[in-house]
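This is what each chain is made of:
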Amino acid sequence: MSDSLRRDPRREQIRRNRLHPQHDAVLAAMNGTDSPAEWLSAQGIKRRNPHLIGFIGPNGLRRIDRSGVQGGAASAAKSPGLTVDSRPLHHIESPAAYVVVVPDMPGGRLSALDKDLLGLAQQLASRQPETAVLAVVFGSYKELGFADAGVDRLLHLTDAVFEQYSPELQLARLLQLESDLQPEYWLFPDSGLGGGDLGRRFAVQIDVRAATGLWQVRQDNEQLQCICRGAAATVDITRELPRVVLALPECAEPVSDTRHEAVAFSLRAGQVESLQRIEDMGAVGVDPASVSLAEAEFILSGGNGVTDWQGFHTAAEVLGATEGASRVAVDDGFMPRDRQVGATGTWVTARVYLAVGISGAIQHLQGIQTCEKVIAINTDPGCDMVKRADLAVIGDAAAILEKLIEKVNALKQETRHVA
Ligand SMILES: Cc1cc2nc3c(=O)[nH]c(=O)nc-3n(C[C@H](O)[C@H](O)[C@H](O)COP(=O)(O)OP(=O)(O)OC[C@H]3O[C@@H](n4cnc5c(N)ncnc54)[C@H](O)[C@@H]3O)c2cc1C
């Protein structure tokens, strides 16, 4: 039999055309597998299908797996809902050392800063073999993604007192952990919510000069240096990395390339008693309208696309959101000047920013760059705010807000009946 390669131009054409109805079947027949990522061409050259390389990550983005073990994931990625997570699992059998992270967990979930901190913790842990990142969580939580965020061990302290403001008892538990484990590093978020205060209390107790306002860690001649903001964020201070760190947002990239185990961890020693000198009298209701934009957690912001301002104010009241605005809405006299969001207004850090009829001009986007989740309501699906948003609703703002008010009111009514 002749050794010459026989070509079937029609089948090759179908194989090249991903939209052809017989594309998958022809690929499988030519290679004896289901939709392979690699095959030998008629000329004997190794070919790769770039559409099948990599896998879809948890945030919906395509990721390239450089280890090359993602054949199964590749075909699964073609069928939505069947995604196989092929990120390598970071397994630590019995940790020899620990890097401890005490996340803020606002609303019971890891914040963006908490995730950055876990990314930094993994960087520090990777310098020594068998070093685990241990996260300490006080009270109940709703988070499901500890393993994805880079937690190797999870210490969940469930005492009822941790549901309230109890920094002294939290500190007592951390000191117990310090004497049990002697971790390599302690990482706290340098935030007003809890980590900033708890981290400073802890550093004083163990007599370490903490690095506060840390935004970068780098290696200089085998030594780890950290750069911290000082003098009201006007200067950068470079110093050797101490054991206790209070870090700022974007201090490191969050973990995305590896999966972790988040194995439950428990304190070894018995209960620690501590003098509780602070009594939590409960939360005080605050009118969202009186909250300053810079501190607001949930902002409903209106722009030039808002036609029904009365409906906008009602929506803010029903949702319990703080009101913000674009410069055009302010210039047109619909909103006061102190409500302007953006480069020449207030830079906001809300957990949820709901932009209604705002196009997303660069000056506006600058002011919302650290917001955690952005939702856009706009008639233009191609505008920059929709591109920036995590969720977009395309349609007329007045009609959508009206429906939203109806839904929220109905939900409130239902909850009142159940209670
Ligand atoms: C030096 C300088 C500094 C500035 N600083 C700031 C600043 O700090 N903050 C700021 O915001 N701007 C600032 N601006 C202005 C900025 O460039 C934009 O002009 C402004 O942000 C646009 O506001 P807007 O998105 O509300 O309006 P537009 O750009 O007019 O956008 C309106 C949007 O509403 C949508 N829309 C229209 N009708 C509807 C409807 N019925 N339902 C839903 N959506 C609808 C449209 O599709 C559009 O996307 C600055 C400009 C300069 C030059």
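Now for a description of the structure that goes with this document. Nothing here was measured: the structure is a model prediction, and the numbers come from that model.

Moving on, we come to helix H8 (residues 309-319). All buried positions along H8 are accounted for by Gly311, Phe312, Ala315 and Ala316. Taken down its axis, H8 places every buried residue within 140° of arc, on the same side. On its buried face, H8 is in contact with strand S14 (298-302), strand S15 (322-325), strand S16 (352-356) and helix H12 (397-418). At the C-terminal side of H8, Gly320 shows a positive phi close to 70°.

On to the sheet that holds S15. One open sheet holds the five strands; their spatial order is S15-S14-S16-S17-S18, and the pairing between them is parallel. Among the strands making up the open sheet, the edge pair consists of S15 and strand S18 (391-394). Here the average twist between neighbouring strands, direction ignored, is 20°. The pairing of S16 with strand S17 (residues 373-378) spans five bridges and is parallel. When the bridges of S17 are listed, Val356 appears paired with Ile377. The sheet contacts of H8 involve S14, S15 and S16, and relative to S14 the element is tilted by about 175°.

Glancing now at the packing of H8 against H12. Taken N-terminus to C-terminus, the directions of H8 and H12 make an angle of 30°; their axes are 10 Å apart at the nearest point. Comparing the axis directions of H8 and H12 gives the class roughly parallel. Judged by the twist between their axes, the crossing of H8 over H12 is left-handed. In this structure, H8 uses Gly311, Phe312, Thr314, Ala315, Val318 and Leu319 to contact H12, whose residues at the interface are Ala398, Leu401, Glu402, Leu404, Ile405, Val408 and Asn409. For the contact of H8 with H12, the class distribution of residues is nine nonpolar, three polar and one charged.

Pairing is mixed in the open sheet, where nine strands are placed in the order S11-S10-S9-S12-S8-S5-S6-S7-S13. Either end of the sheet is taken by a strand with one partner, and the two such strands are strand S11 (235-240) and strand S13 (263-265). Here the strands of the sheet are splayed against their neighbours by 35° on average, with no regard to which way each runs. Relative to strand S12 (residues 244-247), helix H7 (residues 195-205) is tilted by about 160°, and along the sheet it contacts strand S8 (185-189) and S12.

How each quantity is defined
- All residue numbers refer to positions counted from 1 along the written sequence of the respective chain.
- For a predicted model such as this one, the threshold for reporting local features is a pLDDT of at least 70, and the threshold for listing and counting side-chain atom pairs is 80 or more; totals across whole chains, interfaces and linings nevertheless cover every residue.
- Buried, partly exposed and exposed are defined by the number of other C-beta atoms within 10 Å of a residue's own C-beta, namely 20 or more, between the two limits, and 12 or fewer respectively, with C-beta atoms placed from the backbone.
- Numbered from the N terminus, helices here are DSSP runs of H or I no shorter than four residues, and strands are runs of E no shorter than two.
- Here the arc refers to the set of directions running from the helix axis out to each C-beta atom.
- Contacts are defined on C-beta atoms placed from the backbone: any two residues whose C-beta positions lie within 7 Å are in contact.
- Only when DSSP finds a minimum of two bridges between them are two strands counted as paired.
- An axis is simply a line fitted to the C-alpha atoms; with a helix, the fit covers only the stretch in contact. Between two such axes, the angle follows the N-to-C directions and lies from 0 to 180 degrees.
- Note on angle classes: values under 35 degrees are labelled roughly parallel, values over 145 roughly antiparallel, values of 65 to 115 roughly perpendicular, and the remainder oblique.
- The hand of a helix crossing depends on one turn: near helix anticlockwise from the far one by less than a right angle means left-handed, and clockwise means right-handed.
- Gly is placed with the polar residues, together with every amino acid not listed as nonpolar (Ala, Val, Leu, Ile, Met, Phe, Trp, Tyr, Cys and Pro) or charged (Asp, Glu, Lys and Arg).

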